[in-house]
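Structural description and commentary
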Amino acid sequence: MKESNMALPVSMGTLLRADLPQDAASRDDGLCVVGVFGKSGAQPGPQKETILNDLADKHVFPLFGGPRDGGAPDSHIRAFYQQESRVLYLLLSSVCDGRQLLSACESLSAGTGHSDAHDVWTRLDRQHCLHLLYMFSVCHVLLLVHPNQTFDVTHDRLFRALDALRQKVLPLMRAAVKDCAVSKEWKLNCRPCPPRLLFVFQMSGSLKVCANGSESGGNPDKPKKHSPRRRLQHALEDQIYRIFRKSRVLTNQSSNCLFTVPANQAFVYVIPAEDEDPVGALLGHLRSMCTLCEPDPGPVVSGPRRYQQTRRSARLPGGAGGDPSGVLAGGGQLVDCSLREFLWQHVELVLTKKGFDDSVGRNPQPSHFELPTYSKWVQVASRLHQVLVGDPDEDLADLALKVQGQLKVLEGFLDADTKFSENRCQKALPLAHSAYQSNLPHNYTTTVHKNQLAQALRVYSQHARGVAFQRYALQLHEDCYKFWSNGHQLCEERSLTDQHCVHKFHLLPQPGEKTDLDRNPPVLNHNSRGRSTSACNCGRKQAPREDPFDVQAANYDFYQLLEEKCCGKLERIDFPVFQPSTPDPAPAGPPAALPPSEASASGEPQQAKDPSAAPSHTPAEASLSLDLSLGQSSDSSGPYGDAERAEVQPKRPSLVDRQPSTVEYLPGMMHSGCPKGLLPKFSSWSLVKLGPAKSYNCHTGLEQPGFLPGSSFLLPWDLVIRSRSEEDAGLMEPLDGGASSWPAPNKTLVGKRGSTGGLGRSRRRDDVARIFVGFEYEDARGRRFISCGPDKIVKVLGPGGAKDPATRVLNTDMPLYIPSPSQGRGLKSHFAQLTRLFIVVPDAPLEVTLHPQVQPGPPPCPLFHPERTDLVLPPDAFWVLRFPYSYSTERGPCLPPKENQPLNNYKVLRAMLKAAPANPPPAGS
């Protein structure tokens, strides 16, 4: 093999792929493989490259960075073959080197987490172990380099990890080299011999040998036989041997060990400290080079022995000697040998085919040894390189994948941080589980689960540490979720009164299906265990009701059940509902909410395009983020307070009055933000007739159950009936119940006969019609009362009925919820909800129009109204308008107010009732 072909070191992959020519004389010569690995410090000093340059006696490896330095921090092997000595040097560079470590640190970004950084170091450590295992499988001699004079005990754990890994992957390595043309022992052990491991240390300046060769502080008259450096080497040998024997890295039988150390030869070498004067060191080196040209009086020696003599003559002032173990200097002290001499005594055993006999004990077993040729060595090394280190071929890809799967055995030896972290996290998990399960009900909701999980994570974070923190935190999440979902999960559905279902997680029964508690999950209806008392549509019968979970049960089903017992035969005005034309009608999707800018810009043209929709619909605003509504009115009264303008505008059929859809239905209730032309499947409102007008007695009030004493009287609303012959401007005002219908205080009205007594006895009784109006509120316990103002309850103590006029309640926004006058003993306040509107229309030429609008939430909540607006009530009738029990849009229910929420946002808009003569004069039209 030509040495010129490998004048520079090459990578291991390049060496194995290259087809280097060989000389005929050296084709059958054996090859000794020497591997160098270890650590290099940050301080200046002899690095592994410098050691190899000294061994090769030439500048082969660069000292200040190579082509791969500064690049990826991955481990790599470089090779150099010396022809004259028949030695192949392999140099392993890994993350243990200063330059590679710096490159690995630079590759980690500033935002890399602790766990991610640990994964990077773990990958580099595994890669380093695989390269070391490869070196121990192809080398005869290995040099372990230390950056100081102290043995790194972490190598003991590293070698135990490599030994365990080798035992795991040895069958795979045998399968890789089974077809190679080598001996049976080599195939069986997957190495030419048990490699001998040598240790190289660097002496620090504090242990520098004095010039006279004696110890500092010792007696110069009695010099010792060994120098301090040699005694340090002996002490390190004893220390290393005891450590490896204790950990059973070294045993009596060398064939079973990962490596061996010689029993009767030195295996530790300490490199002396460099001279602190670099100029003097260079001058001394120049002088030593010049002395090589002088004639040597000794015998002419060639080869390695001549190199030993010349190096020793350059170093020692007393001349050269040929004893490899050292010669006696002045004072009888043994002279230390060089590094090459130290290595060569082991290399010669390989080249002379003597091998290593490192087994000890009473019955030492000889170990196998083979000095391979270059071609055989390359054949085995190439296949092992593909399986352990490099890119495998197709036939070795499965073996390489299996080798990667065996790397888990390294975790127990090398990854001490992970082992400590896992132990801490495993001890913290039971504490976290106990914190999660403390004070837990049998079934609980997602909110409780998240709160308990947060508490468990706080306890876990107090005890858990290290890189396994995140992995066990995820396991804690999974364990708590499994505990919750395994029979402890509460139904998440909330009722329309914002109460949780008390059942554990269950399924709802399908139409026609019965409840089944034995199924998993069970099939049953929602139940919050909340019960209230409500009256029927007409108010004459009260019954308990369950807390509803859907709008149909709240606003339709309950009242339908009571109709069969009470008000099923009463005359009523039906509201239009959806009439399907297909067997499977679909609910309409929620309308897309416009941005506020687009909604404000498109509001006016829409009102101009459809003026009849202006009194009952407002422009759509931005959607509410919770479950309230789709749009709002720009003002609480909005266009509804301007009744005169609404009457003057030409009336057109609204879109609701047109032909509604028979394919899609409205999933919620009618409100100002729902799509036009859609109807719900049922009506949430009810308008029934209790009887003629005379069925109400103003002296006795409503004779219905549940009313508080003295609060069942309707409020009177007196209206003037106008005729065509009347020309008094004071009586030509609209009778809509507004402020313009009534004179100011202390202002008289001119009667028909010229009297000035207002509505006194001098006026004919036929000119005045009295309507009775009553806003009824009902709380959850069935207590009912009529309100005569936003904050006042009707209270009649004597005969004669209510004295307060109805104009106050008709001209103001009545609250939808007010505090119940009869609170319970608990701290929680109870609200009474506006439930019914009683209207007594007399037998008079009047046209009473009903137009209810409810805002059940703060803006931008929409306005809810019946499916028909502007209803004209027939005369001589006692009508009852039942409001919905709950309000809901397509996006969810409008929940009742909480204790800390203002009630003025929940209201019924004014101008609900309008009255006009049946035959109004042309001037007032």
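Keep in mind that what you see is a predicted model, and the values were worked out from it rather than measured. (Residues numbered from 1 in each chain as written. Predicted model: local features only at pLDDT ≥ 70, side-chain atom pairs only at ≥ 80, totals over all residues. Heavy atoms only, no water.)

1. Comments concerning the overall build of the chain
- The number of helices and strands found in the chain is 20 helices and 28 strands.
- A total of 925 residues make up the chain; the buried ones form 47% of that total.
- When contacts within the chain are restricted to residue pairs at least 6 apart in sequence, long-range pairs at least 24 apart make up 72% of them.
- Counting only carbon and sulfur atoms, one obtains 52% of the accessible surface of the chain, whose full area is about 46200 Å². (Helix = DSSP H or I, 4+ residues; strand = E, 2+ residues; numbered from the N terminus. Buried < 20%, exposed > 50% of the residue type's maximum accessible area, 1.4 Å probe, protein only. Contact = heavy atoms within 4.5 Å. Areas by Shrake-Rupley, 256 points an atom, 1.4 Å probe, with all protein chains shown as cover.)

2. Digging into the sheet that holds strand E18 (residues 814-815)
- The sheet built from three strands is open, its strands ordered E18-E27-E22 with antiparallel pairing. The open sheet terminates on both sides in strands that have one partner only, identified here as E18 and strand E22 (854-856). (Pairing = 2+ DSSP bridges.)

3. A word on the sheet that holds strand E1 (residues 10-11)
- One open sheet accounts for seven strands, arranged E1-E3-E4-E2-E5-E6-E7; its pairing is mixed. Looking at which strands have only one partner, the edges of the open sheet turn out to be E1 and strand E7 (268-271).
- Pairing between E1 and strand E3 (residues 76-82): two bridges, direction antiparallel. Residue pairing across strands places Ser-11 opposite Arg-78, the latter belonging to E3.
- Running at roughly 165° to strand E4 (residues 87-93), helix H4 (residues 114-138) makes contact with strand E2 (32-38), E3, E4 and strand E5 (141-145) of the sheet. (Axes fitted to C-alpha atoms, helices over the stretch in contact; angles between N-to-C directions.)

4. Regarding the packing of H4 against helix H11 (residues 374-388)
- Following both chains from N to C, one finds H4 and H11 inclined at 160°, their axes separated by 10 Å at the closest point. When the axis of H4 is compared with that of H11, the two are roughly antiparallel. H11 is crossed by H4, and the crossing has right-handed handedness. Between H4, through Leu-130, Leu-133, Tyr-134, Ser-137 and Val-138, and H11, the contact on the second element is made entirely by Trp-377, Ala-381, Leu-384, His-385 and Leu-388.
- For the contact of H4 with H11, the per-class residue count stands at eight nonpolar, two polar and no charged. (Parallel < 35°, antiparallel > 145°, perpendicular 65-115°, else oblique. Left-handed = near helix turned anticlockwise from the far one by under 90°. Nonpolar A, V, L, I, M, F, W, Y, C, P; charged D, E, K, R; others polar.)

5. Observations regarding the state of the cysteines
- In total, this model carries zero disulfides according to the counting rule given.
- Free of any disulfide, Cys-96 has its nearest neighbouring cysteine sulfur in Cys-129, separated by 8.9 Å.
- Classification of Cys-96 as partly exposed rests on a relative accessible area of 25%. (Disulfide = S-S within 2.5 Å.)

6. Examining the packing of aromatic side chains
- Tallying each qualifying case throughout the model produces 27 aromatic pairs.
- Relative to Phe-159, the ring of Phe-136 has its centre 6.0 Å away and its plane inclined at 75°; by these criteria the two rings are edge-to-face. Residue Phe-136 is located in helix H4, and its partner Phe-159 is located in helix H5 (residues 154-177); the two are separated by 23 residues in the primary sequence.
- Note on Phe-136: relative accessible area 2%, which makes it buried.
- Ring centres 5.8 Å apart and planes at 80° place the aromatic pair Tyr-817 and Tyr-906 in the edge-to-face group. Placement of Tyr-817 in strand E19 (residues 817-819) and of Tyr-906 in strand E27 (residues 906-908) is noted, with a sequence separation of 89 residues between them. This pair shows no difference in class: Tyr-817 is buried, exactly as Tyr-906 is.
- Of the aromatic side chains, those joined through ring pairs into one cluster are Phe-37, Phe-136, Phe-151, Phe-159, Phe-199, Phe-244, Phe-259 and Phe-267.
- The positively charged end of Arg-545 is found above the aromatic ring belonging to Phe-558, 4.3 Å away from the centroid.
- If you follow Arg-882 out to its NZ or CZ, it ends over the ring of Tyr-559, 3.8 Å from the centre. (Phe/Tyr/Trp six-rings, centres within 6.5 Å; stacked < 30°, edge-to-face > 60°. Lys NZ or Arg CZ within 6 Å of the ring centre and 35° of its normal.)

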